[in-house]
Amino acid sequence: SASDDVNVSVSPGNAAPVVNAGPDQSVEIAQGAALAATVTDDGLPAPPALTTQWTKVSGPGTVGFGNANAVDTSATFSALGSYVLRLSANDGALSSNDTLTITVVPNNAPPVVNAGPNLTVPKDDDIVLDATVSDDGLPVPPGALTYAWTKVSGTGGVTFNSPTSVDTIVSLHKVGTFVLRLTVSDGSASVSDDVTVVVIPKNQAPAVYAGPDRTVGLGVSPEMEAVVTDDGLPDPPNLVICTWSLLSGPAPVSFTDPAAPDTATGFSVAGTYVLTLSAFDGELTTTDDVVIEVEPANPAPG
């Protein structure tokens with residue numbers, strides 16, 4: 001007799017959902033955490049009835065979930081510290097779960113930046129920019145603070161010796177006003193501060209001419225014919241201080257006004273005298289010499 005065929009259908013066995021709660025995080029308390037988990041399932045048993053739920057396992061405060069039944073959701077925290085959160089998934093017959101750790105830290109405060117005091121400096125002098133920066137060490141994990149010096153405005157080029165350091169040397173090669181900026185970033189927030197540098201002409205020493213060498217008779221009080229000029233620097237300008245003195249000679253010399261470039265002199269003994277005129281502008285000094293030959297007085301005729 002003929003036999004009847006029997007078809008047998010074998011259904012695969014139900015497997016529990018596969019849950020990945022996502023990587024551990026460190027977040028600021030005001031920011032909270034974005035939870036990005038993954039859940040996969042085989043669709044069994046049929047009809048599929050997969051449910052998910054977030055719960056707090058441990059932690060120092062309460063946790064608020066944007067939607068505790070959503071795989072991807074947000075979490076807020078009432079206190080600083082370490083929290084363990086669990087995501088559970090149930091397919092109607094089997095369940096599984098995974099956890100992650102959230103470290104809740106204080107809110108990041110931006111760096112505090114002071115680019116240093118405003119400066120007035122001579123042209124071509126190297127300038128030390130002495131800034132100060134403080135920070136709270138956040139965000140966590142702490143990224144190293146980054147620094148950047150830039151020119152905001154100015155009449156010429158600027159050369160920073162180390163533009164990515166807190167303190168740096170800067171060279172300014174033109175007279176004028178420069179605004180320089182230090183920007184500091186902690187990886188999350190950036191703060192800037194400016195310093196103004198006024199570059200003035202470089203002080204030049206006074207120019208001194210003590211006058212021409214000459215010969216005079218004893219008993220004559222020759223007037224010195226000196227010339228002193230100055231650039232008016234340093235700023236604020238100081239009056240140039242002039243001083244006559246005797247460098248060499250056979251006897252003392254009298255000066256009517258030893259602080260005046262033009263002054264009368266008196267000699268009591270014949271001989272060769274070297275007189276020095278010095279000029280000081282408050283910073284630099286220049287000197288010049290003049291030779292005076294004093295001849296004996298002519299004797300009275302017999």
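Residues numbered from 1 in each chain as written. Predicted model: local features only at pLDDT ≥ 70, side-chain atom pairs only at ≥ 80, totals over all residues. Heavy atoms only, no water.

1. Notes on the overall build of the protein chain
Assigned secondary structure in the protein chain consists of zero helices and 26 strands. Here the C-alpha atoms of the protein chain give a radius of gyration of 45 Å, more than 25% beyond the 19 Å that 2.2 N^0.38 yields for 302 residues. C-alpha atoms of the protein chain, sized along the principal axes, occupy 185 × 50 × 30 Å. For the protein chain, the proportion of its 302 residues judged to be buried stands at 30%. For the protein chain, the proportion of contacts with a sequence separation of at least 24, taken over those separated by at least 6, is 58%. Of the roughly 16400 Å² that the protein chain leaves accessible, carbon and sulfur atoms contribute 54%. Positive and negative side-chain charges of the protein chain, numbering 8 and 33 respectively, have mean locations separated by a distance of 4 Å. (Helix = DSSP H or I, 4+ residues; strand = E, 2+ residues; numbered from the N terminus. Rg over C-alpha atoms; globule rule 2.2 N^0.38 Å. Buried < 20%, exposed > 50% of the residue type's maximum accessible area, 1.4 Å probe, protein only. Contact = heavy atoms within 4.5 Å. Areas by Shrake-Rupley, 256 points an atom, 1.4 Å probe, with all protein chains shown as cover. Lys, Arg positive; Asp, Glu negative; His and termini not counted. Charge placed at Lys NZ, Arg CZ, Asp CG, Glu CD.)

2. A few points about the sheet that holds strand E5 (residues 51–58)
Spatially, four strands are ordered E2-E9-E8-E5 in an open sheet, and the strand pairing comes out mixed. Among the strands making up the open sheet, the edge pair consists of strand E2 (25–28) and E5. Ignoring which end each strand starts from, the neighbouring axes of this sheet average 30° apart. In the sheet, E2 pairs with strand E9 (residues 95–105) via four bridges, with the strands oriented parallel. When the bridges of E9 are listed, Ser26 appears paired with Thr103. (Pairing = 2+ DSSP bridges. Axes fitted to C-alpha atoms, helices over the stretch in contact; angles between N-to-C directions.)

3. A closer look at the pattern of salt bridges
In this structure the tally under the stated criterion is three salt bridges. Residues Lys123 and Asp124 are paired through a salt bridge, measuring 2.9 Å at the closest nitrogen-oxygen approach. By relative accessible area, which is 27% here, Lys123 ends up partly exposed. For the salt bridge of Asp125 with Lys202, the shortest nitrogen-to-oxygen distance reads 2.5 Å. Here Asp125, found in the loop between strand E11 (119–122) and strand E12 (126–129), pairs with Lys202, found in the loop between strand E18 (190–200) and strand E19 (207–209); they are 77 residues apart in sequence, far enough to count as distant. The exposure class of Lys202 is partly exposed, given its relative accessible area of 40%. (Salt bridge = Lys/Arg side-chain N within 4 Å of Asp/Glu carboxyl O.)

4. Focus: the environment of Ala49
By the secondary structure assignment, Ala49 is in the loop between strand E4 (38–40) and E5. Taking relative accessible area as the criterion, Ala49 reaches 43% and is therefore assigned partly exposed. Not counting the four nearest positions on each side in its chain, Ala49 is found in contact with Asn90, Asp91 and Gly92.

5. Considerations on the pairing of strand E8 (residues 81–90)
For E5 and E8, the ladder comprises seven bridges, and the chain directions are antiparallel. Paired with Gln53 across the bridge in E8 is Ser88. Two strands pair when backbone bridges link them, and E8 and E9 are joined in this way by ten bridges, in the antiparallel orientation. Paired with Asn90 across the bridge in E9 is Ser95. With antiparallel pairing between neighbouring strands as the criterion, E8 and E9 make up a hairpin whose turn holds four residues, including Gly92 at a positive phi of roughly 105°.

6. Thoughts on the sheet that holds strand E3 (residues 33–36)
A sheet is described by the order of its strands in space; here three strands give the open sequence E3-E7-E6, paired in antiparallel fashion. Of all the strands in the sheet, just E3 and strand E6 (63–65) have a single pairing partner and so form its edges. Each strand axis lies, on average, 30° off the axis of its neighbour in the sheet, ignoring direction. Across three bridges, E6 lies against strand E7 (residues 72–77) in antiparallel orientation. If you follow Phe65 over to E7, its bridge partner there is Ala75.

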